[in-house]
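For reference, the chains in residue letters:
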Amino acid sequence: MTQTHTCERCGSTAPMQLVACPRCHGLFHAATLTTLSSEADALQKHGDVLGALERLRSMEPLLPPTSNQAVQLHARITALEPHAGKQPRAAGRVPKWLAGLGAFGLALWKFAGPLLVLLSKGKLLLFGLLKLPTLLSFFVSAALWSDGGTRGIGLALVILASIYVHEMGHTWAFRRYGIAVSAPMFVPGFGAFVRGAHYPKSAQAAGDVALSGPVWGGVSGVLTLALGVVLNQAWLVGAALFIAEVNLFNLFPVWQLDGSRATQCLSKRQVLVLAAVGLVGGALAGSPMSLLAGAGLLARRWVRPPSGQGDRRTFIVFLLLFAGLLSLRLGSQLVMSFR
Ligand SMILES: [Zn+2]
Ligand SMILES: [Zn+2]
């Protein structure tokens, strides 16, 4: 088996890893590219945005990264991604098993739709949990977090469950844009991560993937607080406060933290507004992690500032996250002070 291409246009040979002829710049995969492109056109016309995106993404490795075609392809994917996010996968379309029940299924969908969506998300919540690496890393983390006592183990499990829900937020968003994603892995003593096959190209989609984690994490904190109040368990209320701080820490705009990814989707002015919100809100609520995130955002206005126009949706979600997580912290403190 030879490891070379022979150019159909000029007859010269080139190593297999090249996608274009070094002499005449002819594309070796021109036929495949044409097929994929027309398939993408057809799918997009029929409203299958995810299918179209999948075809377009599989064209990427077949083009020289700096070529005109690659730049055009990049622009096309960027323009299409936000539409994939809008496609209501669970909410709009009746699930197959329900449609199979005929008129009864449709009626059920009409009235219990939101609940069924919740259940189908419940299925997502189990994603990866039964995979061995996820499970092992989860228990190693739990052993590290807990103090060995019953209450310590309970606290460790609640906090880890919340971190898991946070990761499922990212997973859900990745999948909404048709991007494959790994099962979550826990890093003992630190947190967890999921890895997408790649990051979305458009600012709106990238911001959505970055902030969906803290949004889901925050919701899990609210549920923990509610549970603590209903069951009259002070340690659950304390866990809710801790969950608020963990998710605020994730807004700190450095490294691979969610705040860093989201900041890249904002404008310089939006970053400045969020810095002020984090600092003032953190000072009022006495939240160290909000102060940290605010200070980090203030620095990001000048150190590696974002260059884009700023995505409005990402900005609003970021703003609501500060408000929501700080409220969760204040709510937990309030409940604890009444005891
Ligand atoms: Zn050639
Ligand atoms: Zn995250």
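One structure accompanies this document, and this report is about it. (Residues numbered from 1 in each chain as written. Chains lettered and ligands numbered in written order. Predicted model: local features only at pLDDT ≥ 70, side-chain atom pairs only at ≥ 80, totals over all residues.)

Focus on the overall build of the protein chain
Which entries qualify depends on this criterion: Runs of H or I in DSSP of at least four residues are treated as helices and runs of E of at least two as strands, each being numbered from the N terminus. Think of it as a crowd count around each C-beta: if 20 or more other C-beta atoms lie within 10 Å the residue is buried, if 12 or fewer it is exposed, and in between it is partly exposed, with C-beta placed from the backbone throughout. Contact criterion: two residues are in contact if their C-beta atoms, reconstructed from the backbone, are within 7 Å.
Counting its regular elements, the protein chain contains 13 helices and 4 strands. Looking at the 339 residues of the protein chain, the share that counts as buried comes to 34%. Contacts in the protein chain between residues at least 24 apart in sequence constitute 62% of all its contacts with a sequence separation of at least 6.

Concerning the packing of helix α11 (residues 268-285) against helix α13 (residues 312-337)
Convention followed: Axis lines are fitted to C-alpha atoms, over the contacting stretch for helices. Their N-to-C directions set the angle, which ranges from 0 to 180 degrees. By definition in this entry, angles of less than 35 degrees are roughly parallel, angles greater than 145 are roughly antiparallel, angles of 65 to 115 are roughly perpendicular, and the rest are oblique.
Look at α11 against α13: their axes get within 10 Å of each other, and the N-to-C directions meet at 5°. The orientation of α11 with respect to α13, classified from their angle, is roughly parallel. In this structure, α11 uses Gln-270, Leu-274, Val-277, Gly-278, Gly-281 and Ala-285 to contact α13, whose residues at the interface are Phe-315, Phe-318, Leu-319, Phe-322, Leu-326, Arg-329 and Leu-330.

Structural notes on the packing of helix α9 (residues 234-249) against helix α12 (residues 288-300)
So the rule is basically this: Each residue is assigned to one of three groups, with Ala, Val, Leu, Ile, Met, Phe, Trp, Tyr, Cys and Pro labelled nonpolar, Asp, Glu, Lys and Arg labelled charged, and all others, Gly among them, labelled polar.
At their nearest, the axes of α9 and α12 sit 8 Å apart, and the two run at 10° to each other. In terms of orientation, α9 and α12 fall into the roughly parallel class. Contact with α9, carried on its side by Glu-245, Leu-248 and Phe-249, involves Met-289, Ser-290, Leu-292 and Ala-293 of α12 and no other residues of that element. Residues belonging to the contact of α9 with α12 are distributed by class as follows: 5 nonpolar, 1 polar and 1 charged.

Re α9
The condition is simple: A helix is expected to reach a length of 1.5 Å times the quantity of its residues less one.
Here α9 spans 23 Å end to end across 16 residues, near enough to the 22 Å set by a 1.5 Å rise per residue. Every buried residue belonging to α9 is among Leu-236, Val-237, Ala-239, Ala-240, Leu-241, Ile-243, Ala-244, Val-246, Asn-247, Leu-248 and Phe-249, and all of these are buried.

Some thoughts on unusual backbone geometry
One can expect most non-glycine residues to show negative phi and most peptide bonds to be in trans. Positive phi, close to 65°, is recorded for His-25, a residue that is not glycine. Tracing the chain through its elements places His-25 in the loop between β2 (13-15) and α1 (30-45). Note on His-25: 12 C-beta atoms within 10 Å, which makes it exposed. A positive phi is found at Arg-304, a non-glycine position, where the angle reads about 45°. Looking at the secondary structure, you find Arg-304 in the loop between α12 and α13.

Some words on the environment of Ser-290
By secondary structure assignment, the location of Ser-290 is in helix α12. In this structure the C-alpha to C-alpha distance between Ser-290 and Asn-247, which are 43 residues apart in sequence, comes to 9.4 Å. Beyond its immediate stretch of four places on either side in the chain, Ser-290 contacts Leu-248, Gly-278, Gly-281, Gly-282, Ala-285, Phe-322 and Leu-326.

Let's talk about α1
Between the first and last C-alpha of α1 there are 23 Å, a value that for 16 residues agrees with the 22 Å anticipated at 1.5 Å per step. Of the residues one or two after α1, Gly-47 is the one with positive phi, at around 85°.

Considerations on the environment of Val-194
On the secondary structure map, Val-194 appears in the loop between β4 (191-193) and α8 (203-231). Judged by C-beta crowding, with 20 C-beta atoms within 10 Å, Val-194 ranks as buried. Considered as a pair, Val-194 and Ser-182 are 12 residues apart in the sequence and their alpha carbons are 5.6 Å apart. The contact partners of Val-194, leaving out residues within four places of it in the chain, are Glu-167, His-170, Thr-171, Val-181, Ser-182 and Pro-184.

Observations concerning the environment of Gln-256
Relative to the helices and strands, Gln-256 resides in the loop between α9 and α10 (258-263). Classification of Gln-256 as exposed rests on a count of 8 C-beta atoms within 10 Å. Taking the C-alpha atoms as reference, Gln-256 lies 9.9 Å from Phe-193; in sequence the two are 63 residues apart.

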